[in-house]
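Report on the structure
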Amino acid sequence: MLKFREYVRAESLEDAYVRNQKKSAHILGGMLWLKMQNRTVQTVIDLSDLGLSGIEETEEEYRIGAMTSLRELELHKGLDAMTGGAVRESLRHIVGVQFRNLATVGGSIFGRFGFSDVLTMFLALDSWVELYHGGLVPMERFAAEGTENDILVRVIVKKEKRRYAYLSHRNTKTDFPVMACAVAGGEGWRSGEGDRAAGRAVFGATPARARSYELPAEWLERFQGSGEEERKVLAAELASVVPTGSNIRAGKEFRSHLAGILLYRGLMEALYGGSGQAAGAGAPACLTEEKEGQRA
């Protein structure tokens, strides 16, 4: 059972930040994972009065408050249109609507959980976290390093004309993913060395925390110019560098095999939209069936 000794509703971000400097303090998000722990927390800090919920759209970006629910994110028409339904797809399997009405974007990102569909999807986007003290931090760096005592204020997603796809494999519909894969393709990517990259692939629930991998322009051009079987081989070769492990949901070997399959299907969905000559090979069943229903 989770127990609190002191419950505080922060009056400002500065108030929350100061209180959170004590190791015995804990910020409340949706509290859906925290409540499952068997521990006593000296002080919990509630950010509900600080106006951190909601999604603001500007000409250049989406600004998602830390207390925004996953359900609000799932239903946002702008993000859905920009990502071709990938954001919605990454969220719709997370337990149920009631759960997503309570779970927050800030809690999902700040926790950096290995099983997180949310973190996997945001790593494929041109996204940043805004910390109260640390300022703007690229999502990839935040996912790798995290922060202990800062306050996550909002998540920022830059508007980009790219193609996205999100896939996951689950043993049961609302279970944690056995593996998740997000794919993004388009102009404008730059690798750490400054070379042009055509996109990126993100693998989550490996079962470790999600990590992103760049898709070089030359590799993607070769993928697009190949036949179905060679594309599968290319995807499997690229995905072979992804470290995987075993847990109660799947073994290391199965996850390594699955990585290549999800990458291939994600690329086909992102590049060809699950329709036309190229799409018939390996388009995700859930997306294909949904599109067929829309055309009917």
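Above: the structure in question.
What this report covers is the structure whose coordinates are included nearby. Keep in mind that what you see is a predicted model, and the values were worked out from it rather than measured. (Residues numbered from 1 in each chain as written. Predicted model: local features only at pLDDT ≥ 70, side-chain atom pairs only at ≥ 80, totals over all residues. Heavy atoms only, no water.)

Across its full length, the protein carries 12 helices and 12 strands. Taken across its 296 residues, the protein has 49% of its residues classed as buried. For the protein, the exposed surface amounts to about 14,500 Å²; the carbon and sulfur share of it is 48%. (Helix = DSSP H or I, 4+ residues; strand = E, 2+ residues; numbered from the N terminus. Buried < 20%, exposed > 50% of the residue type's maximum accessible area, 1.4 Å probe, protein only. Areas by Shrake-Rupley, 256 points an atom, 1.4 Å probe, with all protein chains shown as cover.)

By size, the foremost hydrophobic cluster in this structure holds 40 residues, and its most contacted members are Ile-64, Leu-73, Ile-109, Phe-122, Val-129, Val-155 and Val-157. Setting aside its immediate chain neighbours within four residues, Phe-122 contacts Ile-64, Leu-73, Ile-109, Ser-127, Met-139, Val-155 and Val-157. Counting residues in hydrophobic clusters, the runner-up holds 30 residues, among them Ala-198, Leu-215, Phe-223 and Leu-263. (Core = buried A, V, L, I, M, F, W, Y, C linked by side-chain atoms within 4.5 Å. Contact = heavy atoms within 4.5 Å.)

This part takes up the layout of surface pockets. Here the largest pocket is characterised by a volume of approximately 910 Å³. Every residue lining the largest pocket is counted, 46 residues in all, and those nearest its centre are His-26, Gly-107, Phe-110, Gly-111 and Phe-113. Sorting the residues of the lining of the largest pocket by element identifies β2 (25-28), α6 (105-111) and α7 (117-124) as the ones contributing at least two each. Here the element with the most residues in the lining of the largest pocket is α6; it accounts for five residues. Per-class residue counts for the lining of the largest pocket are 23 nonpolar, 15 polar and eight charged. (1 Å grid on protein atoms, 1.4 Å probe; cavity = no way out; pocket = protein on both sides within 12 Å on 5 of 7 lines; lining within 4 Å. Points joined across faces, edges and corners; volume = space filled by probe spheres on them. Nonpolar A, V, L, I, M, F, W, Y, C, P; charged D, E, K, R; others polar.)

Take the pattern of salt bridges next. Applying the stated criterion to the full structure yields 20 salt bridges. One salt bridge in this structure joins Arg-170 and Asp-117, with 2.5 Å as the shortest N-O distance. Of this pair, Arg-170 sits in the loop between β9 (163-169) and β10 (179-190) while Asp-117 sits in helix α7; the two residues are 53 residues apart in sequence, bridging distant segments of the chain. Its salt-bridge partner being Glu-229, residue Lys-232 comes within 4.0 Å of it at the nearest N-O pair. Of the two residues, Lys-232 and Glu-229 are both situated in helix α10 (residues 228-239); the distance of three residues between them amounts to about one turn of the helix. Taking the relative accessible area as the measure of exposure, Glu-229 reaches 54% and is therefore exposed. One salt-bridge network, held together by shared partners, links Glu-56, Glu-61, Arg-63, Glu-130, Arg-154 and Lys-158. (Salt bridge = Lys/Arg side-chain N within 4 Å of Asp/Glu carboxyl O.)

Here we come to the sheet that holds β2. Spatial strand order, β1-β3-β2: three strands in an open sheet with parallel pairing. Strands with a single pairing partner mark the edges of an open sheet, and in this sheet they are β1 (3-9) and β2. Each strand axis lies, on average, 30° off the axis of its neighbour in the sheet, ignoring direction. Looking at chain direction, β2 and strand β3 (residues 40-46) are connected through four bridges and run parallel. Directly across from Ala-25, in β3, lies its bridge partner Thr-43. (Pairing = 2+ DSSP bridges. Axes fitted to C-alpha atoms, helices over the stretch in contact; angles between N-to-C directions.)

Moving on, we get to α7. Within α7, eight of the eight residues are buried, leaving the element largely enclosed by the surrounding structure. Capping the start of α7 is the job of one residue whose side-chain oxygen sits 3.3 Å from the backbone nitrogen of Val-118: Ser-116. (Polar contact = N/O pair within 3.5 Å; in protein donor to acceptor, adjacent residues only side chain to side chain.)

To continue, consider unusual backbone geometry. Working note: non-glycine residues mostly have negative phi, and peptide bonds are mostly trans. Note the cis peptide between Thr-206 and Pro-207, where omega equals 10°. For Pro-207, the location among the structural elements is in the loop between β11 (196-204) and β12 (211-216). Within the chain, Arg-112 stands out as a residue other than glycine whose phi angle is a positive 50°. Within the secondary structure, Arg-112 sits in the loop between α6 and α7. Among the residues examined, Arg-112 registers a relative accessible area of 18% and is labelled buried. Unusually for a residue other than glycine, Ala-205 sits at a positive phi of about 55°. Along the polypeptide, Ala-205 turns up in the loop between β11 and β12. The buried category is assigned to Ala-205, whose relative accessible area is 3%.

A few words now on the environment of Leu-34. For Leu-34, the location among the structural elements is in the loop between β2 and β3. Taking the relative accessible area as the measure of exposure, Leu-34 reaches 9% and is therefore buried. The sequence separation of Leu-34 and Leu-2 amounts to 32 residues, and the corresponding C-alpha distance is 7.6 Å.

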